[in-house]
Amino acid sequence: MTKDKQPKHEPAPKGAEPKPPAEDVAALKDRLLRLQADFENFRKRTAREQADVCQRANEDLILRLLPVVDHFELGLRNAQIHHAESAVTEGFQLVYDQMLGVLRDAGLTPIESEGQVFDPQVHEAVSHVPSAEHPADAIITQTRRGYLLGNRVLRAAQVVVSSGPPSAPPPEQPPAEND
């Protein structure tokens, strides 16, 4: 009987390590390159996921702060209408401006709506009103400010939209005579 044929390696000289066959080296290099690519992809995906989590957390926090900003604006308007003491109004205005500055630094920008053409991507129509002064689809007034976070709409602006000039009532028809 013959023994199984196995590649014979020459014994390495004393003090030197034996050299693996060339196929093994190529396979190991290929495996190493694949592992490096897999790790790089994992690292990029993890960084992307972490950025997404931070972005969602920022969005959630800002969405919770927007009603506070709305109430500040409402309070400041009412203070001006009712001629509140100027020191109090100025103090609230400073706090409001500071809050808007922090939100602006986080990437929040208000959507300017009044006088613009209605865009369903950034506006939410709460009402359509006939208007002789405004063409159809023009925004007459804004009832709640909208905001962008970066390039994404965080909250659509609620607006009243013109439906164009009022239509004239149909002329009255004389009653039909039955002969």
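What counts as what
Residues numbered from 1 in each chain as written. Predicted model: local features only at pLDDT ≥ 70, side-chain atom pairs only at ≥ 80, totals over all residues. Heavy atoms only, no water. Pairing = 2+ DSSP bridges. Helix = DSSP H or I, 4+ residues; strand = E, 2+ residues; numbered from the N terminus. Axes fitted to C-alpha atoms, helices over the stretch in contact; angles between N-to-C directions. Expected span 1.5 Å × (residues − 1). Buried < 20%, exposed > 50% of the residue type's maximum accessible area, 1.4 Å probe, protein only. Arc of directions from axis to C-beta. Phe/Tyr/Trp six-rings, centres within 6.5 Å; stacked < 30°, edge-to-face > 60°.

Peer 1: So, the sheet that holds strand β6 (residues 157-162): which residues are in play, and what are the values?
Peer 2: The three strands are arranged β2-β6-β3 in an open sheet whose pairing can be described as mixed. Pairing within the sheet leaves two strands with one partner each, and these edge strands are β2 (123-129) and β3 (139-144). Within the sheet, the average angular offset between the axes of one strand and its neighbour, ignoring direction, is 30°. One ladder, built from four bridges, connects β3 with β6; its direction is antiparallel. Of the residues in β6, the one forming a bridge with Thr-141 is Val-160.

Peer 1: Tell me what's going on with helix α2 (residues 86-105), and back it up with residues and numbers.
Peer 2: Here α2 contains 20 residues, and its C-alpha end-to-end distance of 28 Å stays within 8% of the 28 Å for a straight helix at 1.5 Å per residue. Of all the positions in α2, only Thr-89, Tyr-96, Leu-100, Gly-101 and Leu-103 are classed as buried. Mapping the buried residues of α2 onto a view down its axis gives an arc of 160°, with all of them on the same face. In α2, the exposed positions angled more than 90 degrees off the buried face are occupied by Glu-90, Leu-94, Gln-98, Val-102 and Asp-105.

Peer 1: Help me get a handle on the packing of aromatic side chains, residues and values and all.
Peer 2: Throughout the structure, instances matching the rule amount to three aromatic pairs. Arranged with centres 6.5 Å apart and planes meeting at 35°, the rings of Phe-39 and Phe-42 form a pair that is tilted. With a gap of three residues between them, Phe-39 and Phe-42 both fall in helix α1 (residues 22-81), about one helical turn apart. Residue Phe-39 is classed as exposed on the basis of its relative accessible area, which comes to 53%. Arranged with centres 6.2 Å apart and planes meeting at 40°, the rings of Phe-72 and Tyr-96 form a pair that is tilted.

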